[in-house]
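# Overview (structure and organization)
Listed here are the chains, written in short residue letters.
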Amino acid sequence: MKLPLSWLSDFVAFPKNISTEKIAEAFVRVGFEVEGIDEPASKTKGPVKVGTVLSIKELTEHKKPIRYVGLDIGEKRTRFVICGATNFKVGDKVVVAIPGAILPGDFRISARETYGHLSDGMICSGRELGISEDHAGIIVLDSSNKAKNGRDALAALGANDPIFDIAVNPDRGYAMSIRGAARELAMALNLKFTDFDRKAIIGRIQRMRKPGKTVPVAILDKKAADLIYLRTLSGFNPLSKTPDWMARRIAQAGMRSISLAVDVTNYVMLEIGQPLHAFDAAKIEGRLQVQRAGRHKSLTTLDGEKRKLNSEDILIADSKKPLALGGTMGGLEGEVSEKTTRLAIEAAHFISEGIARQSRSHQLSTEASRRFERGVDPALAELASARAVELLLKYGGASYHGFSTQGSMPLTKKVVIKPEQVSILIGANYTPTEISKALSGIGCQIKRSTKLWTVTPPTWRPDIGHISDIAEEVARCYGYDRIPNTLPTPPKASQQRSGISFLSARRRALSLSMAARGFVEVQNFPFTNKTEMDLFAFAGDRAKAFKISNPISDEFPLLRTHLSPGLLKSAVRNLSRGEKSVALFETGLIFRNLRELTPKKRISTLKKPTAVEIHSIYEGVPYQSLHLAAVVAGEIENSGWWGKGRIAGWEDAVEITSALLRDLVSEFEIASVDLAPWHPGRCAEFRVAGKPVAHAGEVHPRITSELGLPSRTIYFGIVLDGISEKRNVSTKPVNTFPATFQDISMYVDSSIPATSVAEALREGGGELLEGVELFDRYQREGERQVSLAFTLRFRAAGRTLTNEEVSELRERAGASASKRCGAKIRA
């Protein structure tokens, strides 16, 4: 938001010697970041003066208009310059840069011979002086400007004052106006704030009211807007010129001057904060109404874009056609033109959520929509429309016929507090007088009793609804540096839990393990949509997603139920940018709509909530499960000078998952399952105490084909909070006697997991079987049998096993595999 100092001065009585640095510090102190200070006077050096046009000689021998102009700039002689603009005449006052002047962009002015004449200076446009983007013609001072020839031009134009550019947070929409920002500045600097005399402005235009027909108005959907004013004028002169002072202020605020009717609505919006719209009343059929788009399918807005309407879009329409995209941009059907003599000035209070959703849906962010999204004071509709009418009567020669209105002001919440609670919440001492002064400074009304205060926030501060909001305002008013720096008191030893939580430690340890294996961590947005969920074929619990009421993007309105969509898209993005192979992992929350949520009640912040209150909080929010997932697309062992690499296979996913789980639990079992988004027959499910805790395998070919991933892409995921925190760890003494190794091969049905065979071997081998490792797997195409080969490691404590003992143990292990898995031992 750009704030010219001279405009702020209309509301705040600044000391004459105040510096721009002090004003900037005051803005920062009350929570507004100053992004820049533009000082136009510092960009222009040397003499730039006001001059009067004495003579104009048209040089007609050239292809474009060229004028030889005589000027009086307060010197004893007439100064002549060459000028290509034609928007001025003899007697007009203009801005003249004298040789030796340096304009913005290091544009140095000098006397030079051109078009057969000596040009002894230059008549300037707004862009050349760096005070506006207007370059269509040179600056011509308004007839009301009585600046004398030779006076400093920037001072005469009122364009030499500093402009503060501040960032306005989404919860401080009231500051998106000169008036609102000035109120904050007055509070920060402890200066007097002079507001509009609301009754005087409305009274003045009422006294000038003349008989005439007004345009009726209606609100058809109170969830779109709750209040609207429509004021009707006639006899407006469409050729009326915007006064210089107004056009200059609009330009300083970052907008451009268009026409008087449009400029007045923009000026009032910038000054007060209420977006307005001027309609050509002659084009309105019947009444003007706020409604949803419904049956209306399209609207051509003022930028010439024909926009396809959603049925829930908020429109300003008449009885037959849409006229504007409510709170966002007007339409061509109701546009004010050079023939408009009858005006309807609309000021409505639109509901913020609807305008925000509509602005994103149409990818159309405007000065109006940005204000409505942040929240506009509903009390401004009446005042702003009256202020606009007053300016149009003064500068446009119009007649005022009255207004139509519908709706009412929303109720203002009252907050009951004890003054001492404010100091407790902030952690610093504030007297009741200081608290009262701070609250009065932002516009609150206070009703005091013996111990309690009833605080009524102003209409422009709907965000104040709790004592914590009031404490924040008091702290902001007196500066956060007043709050002492104190270390929090540690809990008693009996209550203290050192370090991070068990789940956080588990997440950190697994993340380090993944990084050590060569994986790169990514973080994706937790949003998805129905199309992605259909592609991944999620069903059952994994298809029960929460819909976000106010999504960042309408394209992704759902919370994710699985990490795979975002992680696979990250792999696609990296491969498309030149990576040959990728190995990515992510730890993050997923959200599944598995139980009905109970609305949470407001809980006091003055004391620690009880166990029941904490439970109620969690009952009111979705359960968020913590998962770790990873994807490998391409080679898991890279190619190089040493030879050809190896493409990742589903066995790699199973092996990595097994290794990670071995760090978490003592025992787990693996079973083959068919589960999306994995390839049928190439997905392993890991179970702890019969409960699924992880899945690993090859991604379904339908998904890899649709996303453009390598056909053998692997993916695995672990439910980190699905595994008990307790792990029974047992240790054995180091055995110094040598181990004896025996290999065993067998045929089993392809439906039998290798892990089940390994478990049967361990059972048959007994306590002396120290380890079982699969080293070969082979299956002929078309056959159901699979050949598996294992290495068995035997070792005894305190002695070396004999060959006879090892052979007998091997036979027992094989017999166990035959009995449990139907294995046929190979010779």
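As a convention, each chain's residues are numbered from 1 in the sequence order in which they are written. Thresholds applied to this predicted model are a pLDDT of at least 70 for local features of residues and 80 or more for the giving and counting of side-chain atom pairs; totals over whole chains, interfaces and linings are not thresholded and use all residues. Only hydrogens and water are set aside; all other atoms, that is, all heavy atoms of the structure, feed into the side-chain values.

## Considering the overall build of the protein chain
When helices and strands are tallied, the protein chain shows 23 helices and 41 strands. For 827 residues, the compact-globule estimate of 2.2 N^0.38 gives 28 Å, and the C-alpha radius of gyration of the protein chain, at 38 Å, exceeds that figure by more than 25%. Each principal axis of the C-alpha distribution contributes one length, and for the protein chain these read about 125 × 80 × 55 Å. Expressed as a percentage of its 827 residues, the buried residues of the protein chain come to 48%. Helix and strand assignments follow DSSP, with helices taken as H or I runs no shorter than four residues and strands as E runs no shorter than two, numbered in order from the N terminus. The reference for a compact globule is 2.2 Å times residues^0.38; the radius of gyration itself is calculated from the C-alpha atoms. For each residue, the accessible area found with a 1.4 Å probe, counting protein chains only, is set against the maximum for its type, and the residue is called buried under 20%, exposed over 50%, and partly exposed in between.

## Quick notes on the pairing of strand β20 (residues 322-325)
For strand β19 (residues 314-317) and β20, the ladder comprises 3 bridges, and the chain directions are antiparallel. Of the residues in β20, the one forming a bridge with I316 is A324. In sequence, β19 turns back onto β20 through a hairpin of 4 residues. Note: β20 against strand β21 (residues 329-330), 2 bridges, orientation antiparallel. When the bridges of β21 are listed, A324 appears paired with G330. By definition, two strands form a pair when at least two bridges between them are found by DSSP. Between β20 and β21, which pair antiparallel in sequence order, lie 3 residues; one of them, G327, sits at a positive phi of approximately 70°.

## Details of the packing of aromatic side chains
Stacked, tilted and edge-to-face are the three classes assigned to paired rings of Phe, Tyr and Trp, where Trp is represented by its six-membered ring and a pair needs centres within 6.5 Å; plane angles under 30 degrees give stacked, over 60 edge-to-face, the rest tilted. Evaluated as defined, the whole model comprises 16 aromatic pairs. Seen from their ring centres, F11 and F193 are 6.1 Å apart, and the 15° between their planes marks the pair as stacked. Here the residue F11 occupies a position in the loop between α1 (5-8) and α2 (20-29), and F193 occupies one in the loop between α6 (178-189) and α7 (198-207), the gap between them amounting to 182 residues. By relative accessible area, F11 is classed as buried at 4%. When its relative accessible area of 23% is taken as the criterion, F193 is described as partly exposed. Taking the centre distance of 5.9 Å and the plane angle of 50° together, the rings of F668 and F686 count as tilted. Taken as a pair, F668 in the loop between α20 (650-662) and β34 (669-672) and F686 in strand β35 (residues 678-688) lie far apart in primary sequence, 18 residues in all. Among the aromatic side chains, those forming a connected cluster through ring pairs are W7, W245, Y267 and Y395.

## Description of the side chain of D226
Following the sequence through the fold, D226 ends up in strand β14 (residues 225-234). Buried within the structure, D226 lacks any salt-bridge partner; its nearest side chain of opposite charge belongs to K222, at an N-O separation of 9.8 Å. Side-chain atoms alone can form a polar contact between residues adjacent in sequence; in general such a contact is a pair of N or O atoms within 3.5 Å, and within protein one must be able to donate a hydrogen while the other accepts it. Within the structure, the side chain of D226 is placed 2.8 Å from the side chain of H349, a separation counted as a polar contact. Whether two residues are in contact is decided by their heavy atoms: any pair within 4.5 Å suffices. Filtering out sequence-adjacent residues up to four positions away, D226 remains in contact with I219, H349, I351, Q406, G407, S408 and P410. Counted as positive: Lys and Arg. Counted as negative: Asp and Glu, with His and the chain ends omitted from the count. Note on definitions: salt bridges are taken to be side-chain nitrogens of Lys or Arg within 4 Å of carboxyl oxygens of Asp or Glu.

## A closer look at the sheet that holds strand β13 (residues 217-219)
The sheet built from 5 strands is open, its strands ordered β13-β16-β19-β20-β21 with mixed pairing. Where the open sheet ends on each side, the last strands, each with one partner, are β13 and β21. Across 4 bridges, strand β16 (residues 288-292) lies against β19 in antiparallel orientation. Directly across from Q291, in β19, lies its bridge partner L315.

## Side note on the pattern of salt bridges
Evaluated as defined, the whole model comprises 47 salt bridges. Note that E367 is salt-bridged to R370, the shortest N-O span being 3.3 Å. One end of the pair is E367 and the other is R370, both in helix α11 (residues 367-374) and 3 residues apart, which spans about a single turn. Take E367: its relative accessible area is 26%, and that puts it in the partly exposed class.

## Things to note about the pairing of strand β37 (residues 714-719)
Counting buried positions over the 6 residues of β37 gives 5, a clear majority of the element. Summarising the sheet, strand β36 (residues 691-699) and β37 pair through 5 bridges and their orientation is antiparallel. When the sheet's bridge partners are listed, G697 is paired in β37 with Y715.

## Here we look at empty space enclosed by the protein
Cavity: a set of points on a 1 Å grid over the protein atoms alone where a 1.4 Å probe fits but cannot get out. Pocket: an open set with protein on both sides within 12 Å along at least five of seven lines, its lining residues, like those of a cavity, having an atom within 4 Å of a point. Grid points are joined across faces, edges and corners, and a volume is the space filled by probe spheres set on the points. All chains considered together, the criterion is met by 1 cavity of 30 Å³ or more. By volume, the largest cavity amounts to about 120 Å³. Forming the walls of the largest cavity are 15 residues, and the residues nearest its centre are Y174, S177, I272, G273 and L380. Counting residues per element, the lining of the largest cavity draws most heavily on α6, which supplies 3 residues. The classification used treats Ala, Val, Leu, Ile, Met, Phe, Trp, Tyr, Cys and Pro as nonpolar, Asp, Glu, Lys and Arg as charged, and all other residues, Gly among them, as polar. Counted by class, the lining of the largest cavity contains 6 nonpolar, 5 polar and 4 charged residues.

## As for helix α16 (residues 502-516)
To estimate how far a helix should extend, the number of its residues minus one is multiplied by 1.5 Å. For α16, with 15 residues, the first-to-last C-alpha span of 21 Å sits near the 21 Å given by 1.5 Å per residue. Looking at the packing, one finds that the buried side of α16 touches β27 (520-521), β30 (582-591), β31 (624-633), α20 and β37. G518, located one to two residues past α16, shows a positive phi value of around 100°.

## Comments concerning the nonpolar core
Throughout this description, the term nonpolar core refers to a set of buried Ala, Val, Leu, Ile, Met, Phe, Trp, Tyr and Cys residues connected via side-chain atoms within 4.5 Å. By size, the foremost hydrophobic cluster in this structure holds 110 residues, and its most contacted members are L8, F14, F27, L233, V290 and F350. Among the elements that make up this core, the one with the highest residue count is helix α12 (residues 380-396) (10 residues). Residues L628, A630, F686 and I718 belong to the second largest nonpolar core, which totals 28 residues.

## Remarks on the environment of L594
Looking at the element boundaries, L594 is found in the loop between β30 and α19 (611-619). As for L594 and A545, which are separated by 49 residues in sequence, their C-alpha atoms are 8.8 Å apart. Here L594 is in contact with D541 and K544, once residues within four sequence places are set aside.

## Description of the sheet that holds strand β40 (residues 785-794)
Taken together, the 4 strands give an open sheet; going across it, the order is β39-β40-β38-β41, and neighbouring strands pair in antiparallel fashion. A strand with exactly one partner marks an edge of an open sheet, and here the two such strands are β39 (769-778) and β41 (824-825). Where strand β38 (residues 740-749) meets β40, 10 bridges bridge the pair, whose relative direction is antiparallel. Among the inter-strand pairings, V748 is bridged to a residue of β40, identified as V786. Along the sheet face, helix α23 (residues 803-821) touches β38, β40 and β41 and points at about 20° away from the line of β38. Where helices are involved, their axes are fitted lines through C-alpha atoms of the stretch in contact, as for all axes, and angles between N-to-C directions lie from 0 to 180°.

Purely geometric numbers; function is a separate question.
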